[in-house]
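Each chain, letter by letter, is given below.
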Amino acid sequence: MPPSTQSADPHRSDVPDPSAASAGGDPSSRRTGPEHAGPVRPSADRPEPGSAASNSAVPDRAASERTEPDRPDPRPGSQRPSSQRGDPASVDPGALGPDRLEQVRLQASAAIATAGDLDELAALRTLHLDGRGAPLALARRALGALPPPERAEAGRRHNAATAAIRAAYEARLAELTAERDARVLVEERVDVTLPGTRRPLGARHPLSALSDHLVDVFVAMGYEVAEGPEAEHDWFNFEALNLGPDHPARSSHDTLYVDPVGSGLLLRTHTSPVQIRTLLSRPLPVYVVCPGRTYRNDAVDATHSPVFGQLEGLAVDEGITMADLRGTLEVFAQALFGSGLATRLRPSYFPFTEPSAELDVACFACRGEPARQPCRVCSDEGWIEVGGCGMVDPNVLVACGVDPARYSGFAFGMGLERAAMIRHDVHEIRDFVDGDVRFGLSFGTGN
Amino acid sequence: MKIVMSWLREAVPALPPAKAVADALIRAGFEVEAVEPVGHDLAGVVVGEVVSIEIVRTKKKDVRWVQVRVAEAATRGVICGAFNFAVGDRVAVALPGAVLPGGFTITARRTYGQLSEGMICSASELGIGDDHGGILVLPPDTPVGTDVAELLDLADDVLDIAVTPDRGYGLSVRGIAREAAAAFGLPFDDPAEAASVPVPAGRGDDRERAVPEQTASGQTASGQAGAGQTGAGQTGAGQDAAGYPVVVEDTAACSRYVARVVTGVRPDAVTPLRLARRLALSGMRPISVPVDVTNLIMLGLGQPLHAFDRAKLSGPIVVRRAREGERLVTLDGVKRELDPEDLVIADGSGPVALAGVMGGASTEISADTTEILIEAAHFDPVAVARTARRHQLGSEASRRFERGVDPALAPAAAHAALRLLTELAGATAEAGVTDIDHRPAPRLITFPLAETARLGGRPYPAEIVRRRLAEVGCAVADTITGAGTGDGVGDGTEAIADAVAPAGADGDSVGDGALLVVPPSWRPDLTRPADLVEEVIRLEGYDTIPVTLPRLPAGRGLTRGQRIRRAVGTALAHQGYVEVLTVPFVGDDTPDRLGLTSDDTRAAVVRIANPIAEDAANLRTTLLPGLFAAAIRNIGRGQADLALFETGLVFRATATAATPPTPAVDRRPDDAEIAALNAVLPEQPRLVAVVLTGRREPAGWWGPGQPATWQDAIDAAHTVAAATGVDLTVTADALTPWHPGRCARLSADGQVVGYAGELHPRVIAAYGLPARACAMELDLDTVIEIALARPPVTAPAVSTYPPADRDIALVVEAGVPVARVTEALRRGAGDLLEALTLFDVYEGSQIGEGKRSLAFGLRLRAVDRTLTAQEANAARDVAIAEATRLTGAVLRT
């Protein structure tokens, strides 16, 4: 089959219907008794250009699928003149005569030259060139009947005539294709700027996305992800973290306790109890990040939420130093706000670390340069407070059965909301829990 | 803690400007939240003498036409509405052109028929106090014409410092001054020592004196430094015959009690403006000389004091725990039922103060008080914290005691108070000193020199370690063999010797390369080498720590379960669901609104003891109420077409196990202890849920869109399942809160994992959701468990032979679920069936009442050959026969 046949119409497929052509095809059993509005598979065929069915944005999907009438198969395959079989007995040696061939060439060329469209041209091609009943095909059959001396000559004539007709066909094909490109495709133009989002859009929550992003940074360094319960026992949330019952730092945790009060249960105030669970359950060395939800007794307003996300990291190994902490936090800060930003550690206090520090990152907006201030991101501080960190307090290690003389470790933690607020310029923390889809959708699925 | 810079400079005169001090303090771990300049914007206000006063009467009110002399020969006329000054008084006059705080400029103006050339100022107009009572009258000897801003030293700065709870000493000018001095390498004069100079001497005691002597870094401790301590007295009255009798019953909770008495306090005495302003800038209201004095001492030295009206005390003071049924009216006028754990100060009448928290009304000093007993004590932080918490009564005193007050400070602080009262109120200090001292022996820390580098990550030479520790007030010595003997120990190691002796430490047990360190009395937070490491490296600067990365062993990445959870979230988002994270608190009415029966696991709520709001006091047992609330919020804001999802923990109360004992923290708890703790936790499965309202396909130019239906809810479950790799089986069920006829039970591997469908109209009404709202909820933990248990996928043999497609239409009773018919067809068609598609469902007159026509396409194919028509038809016919047998289906012809 010449390759040009298929390109005659880009919408048309000459690939036969697999079911119709299958060897086991049994036309009588194909459509089951649809004498009354019986079921018919919805056709997957695309309508021809310009046909009435192309306006098929039928609003009621179900109706269109259910009641479409059985329509004739529009595929060209069904119209193929495959039944025009030449009678093998009627071989006419005269058909190879120069005059006859010339006449065939003239007729074919004339017909091809006046073909009105690509469909007609394709039919003419079958009629004059490729079809089994085409004069050239009939003439070719006569070749074998000629005595050898004449056969070569007749063959050459036949080839020349064939080439001439094919040339005429190719020429007309080019003309008609050009014409189609110029007219039909222009007529088929649509407005591609029409909104096309018939599928509703969805989105990941920005805190989930940020948490995943940060987790990935640490996982790439070799950390693993540890998790724990949100309703937690006091021992994990406070006691083992060097926060005894009367520790003054407890009051700053604004803890939500589970009823009854004496049960020892509470909603974890930080993700640090996961550190304890990790040290109790995993062999050393331990390198984990712990993302999760935490709770404080704060009503929802612009800057407070009773529920908020944290991400903590913990490394316990032999020879871990504060220098390792600094280096790790630099990687962390870059993941949050971009590279090239200075970090600083400020001495601070947490019961579960000693020494302790606050992590500040240079403000990505003003970088502390007065020329870029006033700065709404850092209020001209030049630094953004990101989280707390320090070397794991020896008491914490002891409570987890780790020898503080042999092992040391660092831990750091940060609030996801605050980081997301800075990163995405969110002004109200309640936006994270309100669930307004306008807020959520702005983050999309690719965050 | 507000620190007034001029006050700080008294202790460290050479300090640079406030901003630099703030930066240095931040670097040392004191978070300066604000540097507030005060009084810098005051200009053109001078001292004037009132020469004459003439009343101007008007209809509305009377004012005065005042002549003030503001220079040798210059008198100005000023209209003034205040009446609290007289001819001859010195007052502050703002002349035309003067600028008052807030940028308020004074001009000459005609008023009440006079040209008023300026303004006579009140303290508040000068920005130095809240007193609106009238004009500020200056001392009579103030030179006329002097600039008031200079005179009163009004230009100042206030540092607002957030002191961390471990550093109680930072709640004083003394403590901050020490840090500031260390930060700039400046000499530091301990105000506590200055305060204690001319003290009536008690009986000296080397052991007691040794520790405070070492407090001043680099300072020569004079013999007077520790004076005022009477040594470790036994319970009972102080040894000094003239001291007020005091009995300390609970010497653990009150390790030090100093009492001093002053008499002859002038009731009309007024706190000088300079000190009043100092108090005001520190955030405390000036009240009276005795109260102001106690507050000044507390702010300056860090020692909370209490002033009793001695005339109202009856009998000896007793420091003890409260007795059952005792009550106390505190200074704030509240009558309090005391708890037997409360530490109180009592006299013959019963409790007169909550120790370290607040005084009582019965012994409160008043305007008539002339004799005062000053209490300077050290109370146990835990005792004070518990009492303050129990009575919800935090005070400046309790804040300091909770964080630790310097127990060596009491005598000096009491003495400083006496001196101020003498100066300001003409009082006379009684000679007697009561000092009941039960301080524990100083702690001794063996500090390996290598420890700083081990944690700090860089070398810290021994001399730096020594110097930095000295700067924070530690006594430092090298390991000395025989230090414990107490004989022949040099001056510099006195403290060490004292500390070693009671501890019974053996000198030679301390190896080389270690220091013996006694922390200063004001640093109860320094107990271990790690604490000392922090002091050294913070003073050296955290910015001097190098930047390295640990060398990690290879990690295993996310677990499969963690990856699946991410995939679920991503899949739902790609299917058009918006993730929300709702607040997981719900009200008591939630089970009712959801229509849950009391035996439903979703009705087993976990309650919060101290909820933020009473109507949201329970933890969620299902994600749906939070999603409903988010949906309604969106609808209220005009977004009606919603597809929301949430993934998160829910909380379900379990049968309450007995509260386990809390494990100790000086060792690892054993596995049984850990299991006991875990046993009392509520169940906290992770669920995923969606809610759908309005349209699933949006309306647009293409048409009106498609409403979200029960099918979309089930489809969401399939989306989740597909992301996990688990196959869900759908069966009809009728679980609330779903519509009983449109509720799908979702199972996997024979386990029920969730439900989906349209919501029950009653639930829709109870929550105010739009009609036909749909929802799905799956137990994600269980689905993931099932996914993890799945063996690796076995790949199908992909046939390259052509398929044989057969379509059939079956008529079944309308109540027969499609799933059953499908199941039967699959079974009948056997291995040749590659795919089965339901492409039409028809109900109508042509097939009869109560029936359904189901049209299926069967794609049949063999792996090893092209099927013959007979083979394909045979498979089809067996499928039909099986459907007929199992579901009563009839082939439609």
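Everything numeric here is computed off the predicted structure, so don't read it as measured data.

Participant: How do you make sense of the overall build of chain A when you look at a structure like this?
Facilitator: In terms of regular secondary structure, chain A is built from 16 helices and nine strands. Taking as baseline every contact in chain A between residues at least 6 positions apart, the subset at least 24 positions apart corresponds to 67%. For chain A, the exposed surface amounts to about 20,800 Å²; the carbon and sulfur share of it is 53%.

Participant: Help me out: how do you make sense of helix α23 (residues 818–829) of chain B in this one?
Facilitator: Residues and elements named next belong to chain B. For α23, spanning 12 residues, the distance from its first C-alpha to its last is 16 Å, which sits close to the expected 16 Å at 1.5 Å a residue. Along α23, the residues classified as buried are Val-821, Thr-822, Ala-824, Leu-825, Gly-828 and Ala-829. Projected down its long axis, α23 shows its buried positions confined to an angular sector of 165°, all on one face. Here the buried face of α23 lies against β39 (804–813), β40 (833–842), β41 (851–860) and α24 (869–887).

Participant: Even after reading the chapter, I still don't get the packing of helix α7 (residues 273–281) of chain B against helix α8 (residues 289–301) of chain B, so can you show me in this structure?
Facilitator: Packed helix pairs are characterised by how far apart their axes lie and by the angle those axes make with each other. Residue and element names in this part refer to chain B. Put simply, α7 and α8 touch, their axes get as near as 11 Å, and they point 60° apart. When the axis of α7 is compared with that of α8, the two are oblique. Pair α7 / α8 crosses with left-handed handedness. Of α8, the residues touching α7 (which contributes Leu-275, Arg-278 and Leu-279) are Asp-292, Asn-295, Leu-296 and Leu-299. A class-by-class count of the residues in the contact of α7 with α8 yields four nonpolar, one polar and two charged.

Participant: Looking at this structure, I do not really get the interface of chain A and chain B. What am I missing?
Facilitator: By a frequent convention, interface size equals the accessible area lost on bringing the separate parts together. Contacts between chain A and chain B engage 126 residues on the former and 123 residues on the latter. Summing both partners gives a buried area of about 10,200 Å² for chain A against chain B, and 56% of it is carried by carbon and sulfur. Taken together, the links from chain A to chain B amount to 13 salt bridges. Residue Glu-31 of chain B is joined to Arg-346 of chain A by a salt bridge in which the shortest nitrogen-to-oxygen separation is 3.9 Å. Remark: the boundary between chain A and chain B carries 43 residue pairs in polar contact (both at pLDDT 80 or more).

Participant: Could you clarify how one ought to interpret the side chain of Arg-256 of chain B in this entry?
Facilitator: Here Arg-256 of chain B shows up in strand β14 (residues 254–263). At 2.7 Å, the side chain of Arg-256 of chain B forms a polar contact with the side chain of Asp-435 of chain B.

Participant: Help me understand the sheet that holds strand β2 (residues 31–38) of chain B, please; the structure alone is not making it clear to me.
Facilitator: Two modes of strand pairing occur in sheets, parallel and antiparallel, and in both the strands are linked by backbone hydrogen bonds. Residue and element names in this part refer to chain B. Across the sheet, three strands lie side by side as β1-β12-β2; this open sheet has antiparallel pairing. At either margin of the open sheet sits one strand with a lone partner, and together these are β1 (2–4) and β2. Going across the sheet, the axis of each strand differs from the next one's by a mean of 25°, ignoring polarity. As paired strands, β2 and strand β12 (residues 156–162) are joined by seven bridges and run antiparallel to one another. Along β12, the bridge assignment pairs Val-38 with Asp-156.

Participant: Is there a simple way to think about the nonpolar core in this case?
Facilitator: Considering soluble globular proteins, one finds that nonpolar side chains tend to be buried as a cluster. Grouped together as the largest cluster of nonpolar side chains are 72 residues, with contacts concentrated most on Leu-214, Phe-332, Leu-336, Val-386 and Met-414 of chain A together with Leu-469 of chain B. Not counting the four nearest positions on each side in its chain, Val-386 of chain A is found in contact with Phe-332, Leu-336, Phe-337, Leu-359, Val-361, Gly-413, Met-414 and Gly-415 of chain A. In this structure, Val-21, Leu-171, Ile-297 and Ala-410 of chain B belong to the second largest nonpolar core, which totals 64 residues.

Participant: Teacher, can you tell me more about the environment of Ala-613 of chain B here?
Facilitator: Mapped onto the elements of the fold, Ala-613 of chain B is located in the loop between α17 (590–594) and β30 (618–619). In this structure Ala-613 of chain B comes out as partly exposed when scored by relative accessible area, which is 29%.

Participant: For this particular structure, what's the right way to read the sheet that holds strand β21 (residues 358–359) of chain B?
Facilitator: Residues and elements named next belong to chain B. The strand order β13-β16-β19-β20-β21 describes an open sheet built from five strands, whose pairing is mixed. The open sheet terminates on both sides in strands that have one partner only, identified here as β13 (246–248) and β21. Bridge count for strand β16 (residues 317–321) against strand β19 (residues 343–347) is four bridges, and the pairing is antiparallel. Residue pairing for β19: Arg-321 is matched across the bridge by Leu-343.

Participant: Would you take a moment to explain the pattern of salt bridges for this structure?
Facilitator: Residue and element names in this part refer to chain B. Per the stated rule, a full pass over the model turns up 92 salt bridges over all chains. Among the salt bridges present, the one from Glu-326 reaches Arg-320, with a minimum N-O distance of 2.9 Å. Here Glu-326 matches Arg-320 in class, with each residue buried. Connected through salt bridges with shared partners, the residues Asp-166, Arg-167, Glu-179, Arg-523, Asp-525, Glu-534, Glu-535 and Arg-538 form a single ionic network.

Participant: How should I be thinking about the packing of helix α5 (residues 98–113) of chain A against helix α6 (residues 118–130) of chain A in this particular structure?
Facilitator: All names here are of chain A. Two elements in contact, α5 and α6, have axes separated by 10 Å at closest approach and are oriented at 170°. One way to sum up the angle between α5 and α6 is to call them roughly antiparallel. Taking contact as the criterion, the partners of Ala-108, Ala-111 and Ile-112 in α5 are, on α6, Leu-121, Leu-124 and His-128. Residue composition of the contact of α5 with α6, grouped by class: five nonpolar, one polar and no charged.

Participant: Where do I start with the packing of aromatic side chains in this structure?
Facilitator: By convention here, two paired aromatic rings are described through the distance between centres and the angle between planes. All names here are of chain A. As enumerated under the stated definition, the model contains 17 aromatic pairs over all chains in all. Ring centres of Phe-218 and Tyr-223 lie 5.2 Å apart, and the angle between their planes is 80°; this geometry places the pair in the edge-to-face category. On the basis of relative accessibility, which here comes to 0%, the residue Tyr-223 falls in the buried class. Between the aromatic rings of Phe-350 and Phe-352, the centroid separation amounts to 6.0 Å while the plane-to-plane angle is 20°, which identifies the pairing as stacked. Site record: aromatic cluster; members linked through ring pairs are Phe-218, Tyr-223, Tyr-287, Phe-332, Phe-410 and Phe-412. Directly above the ring of Phe-236 sits Arg-277, whose terminal nitrogen or CZ lies 3.8 Å from the centroid.

Participant: What should I look at first to understand the confidence of the model for chain B in this one?
Facilitator: If pLDDT is low for a region, its predicted coordinates should not be looked at in detail. All names here are of chain B. Looking at chain B as a whole, the pLDDT averages 88, with 90% of positions reaching at least 70. Within the model, the stretch residues 198–240 combines pLDDT values under 50 with 86 contacts to residues more than four positions away or in other chains. Segment residues 501–510 is flagged for pLDDT under 50; beyond a separation of four residues in sequence, or across chains, it makes 10 contacts in the model.

Participant: Got a minute to help me understand the pairing of β14 of chain B in this structure?
Facilitator: Here is the key point about a regular strand: its side chains alternate between the two faces of the sheet. Residue and element names in this part refer to chain B. In terms of burial, β14 is a largely internal element, nine of the 10 residues being buried. Pairing of β14 with strand β24 (residues 434–437) involves four bridges; the strand directions are antiparallel. The residue bridging Arg-256 from the neighbouring strand is Asp-437, located in β24. As paired elements, β14 and strand β23 (residues 428–429) share two bridges and run antiparallel to each other. By the bridge assignment for β23, Thr-263 is matched with Thr-428.

Participant: What exactly am I supposed to notice about helix α7 (residues 135–143) of chain A here?
Facilitator: Residue and element names in this part refer to chain A. Among all positions of α7, only Leu-136, Ala-139, Ala-142 and Leu-143 are buried. The buried side chains of α7 occupy one side of the element, clustering within an arc of 115° when seen end-on. On the buried face of α7, the contacting elements are α5, α6 and α8 (148–187).

Participant: Which parts of the structure should I look at to understand the environment of Leu-331 of chain B?
Facilitator: All names here are of chain B. When you line up the elements, Leu-331 lands in the loop between β17 (327–329) and β18 (335–337). Taking the relative accessible area as the measure of exposure, Leu-331 reaches 36% and is therefore partly exposed. A C-alpha to C-alpha distance of 9.3 Å links Leu-331 and Thr-363, two positions 32 residues apart in sequence. Setting aside residues up to four positions removed in sequence, Leu-331 forms contacts with His-306, Met-358, Gly-359, Gly-360, Ala-361 and Glu-364.

Participant: Would you take a moment to explain the pairing of β19 of chain B for this structure?
Facilitator: Residue and element names in this part refer to chain B. In terms of burial, β19 is a largely internal element, five of the five residues being buried. Judged by which residues are buried, β19 turns out to be covered on both faces: Leu-343, Ile-345 and Asp-347 on one side and Val-344 and Ala-346 on the other are all buried. With antiparallel pairing between neighbouring strands as the criterion, β19 and strand β20 (residues 350–354) make up a hairpin whose turn holds two residues.

About the cut-offs
- For every chain, the first residue of the written sequence is number 1, and numbering continues from 1 along that sequence.
- To label them, take the chains in the order written and letter them from A, then take the ligands in the order written and number them from 1.
- Two thresholds apply to this predicted model, a pLDDT of at least 70 for residue-level local features and 80 or more for giving and counting side-chain atom pairs, whereas whole-chain, interface and lining totals are computed over all residues.
- Just so you know, side-chain values use all the structure's heavy atoms and leave hydrogens and water out.
- Only DSSP runs of H or I reaching four residues or more are called helices, and only runs of E reaching two or more are called strands; each is numbered from the N terminus.
- Contact criterion: two residues are considered in contact whenever any of their non-hydrogen atoms come within 4.5 Å of each other.
- Per-residue accessibility takes into account occlusion by the displayed protein chains alone, with areas from the Shrake-Rupley method and a 1.4 Å probe.
- One less than the residue count of a helix, multiplied by 1.5 Å, gives the span that helix is expected to have.
- Each residue is assigned to one of three classes by its accessible area relative to the maximum for its type, calculated with a 1.4 Å probe on protein chains only: buried under 20%, partly exposed between the two thresholds, exposed over 50%.
- Summarising the geometry, the arc corresponds to the directions from the helix axis toward the C-beta atoms.
- Throughout, an axis means a line fitted to C-alpha atoms (over the contacting stretch in the case of helices), and angles, computed between N-to-C directions, take values from 0 to 180 degrees.
- Working rule for angles: under 35 degrees goes down as roughly parallel, over 145 as roughly antiparallel, 65 to 115 as roughly perpendicular, anything else as oblique.
- Crossings are sorted by hand: turned counterclockwise from the far helix by less than a right angle, the near helix makes the crossing left-handed, and turned clockwise it makes it right-handed.
- Residue classes follow a fixed rule: Ala, Val, Leu, Ile, Met, Phe, Trp, Tyr, Cys and Pro count as nonpolar, while Asp, Glu, Lys and Arg count as charged, and any other residue, Gly among them, counts as polar.
- Computed with a 1.4 Å rolling probe, the buried area is the accessible surface lost when two parts are put together, summed over both parts.
- We define a salt bridge as a contact between a side-chain nitrogen of Lys or Arg and a carboxyl oxygen of Asp or Glu at a distance within 4 Å.
- The definition of a polar contact used here is a pair of N or O atoms within 3.5 Å, where within protein one atom must be able to donate a hydrogen and the other to accept one, and adjacent residues in sequence count solely through side-chain atom pairs.
- Two strands are said to pair when DSSP picks up at least two bridges between them.
- To qualify as a nonpolar core, a set must consist of buried Ala, Val, Leu, Ile, Met, Phe, Trp, Tyr and Cys residues joined through side-chain atoms within 4.5 Å.
- Between 30 and 60 degrees the pair is tilted, below 30 it is stacked and above 60 it is edge-to-face, where a pair is any two Phe, Tyr or Trp rings, Trp via its six-membered ring, whose centres lie within 6.5 Å.
- Here, a charge over a ring is recorded when the distance from Lys NZ or Arg CZ to the ring centre is within 6 Å and its angle to the ring normal is within 35 degrees.
- Within a predicted model, pLDDT stands for the predictor's per-residue confidence, ranging from 0 to 100.

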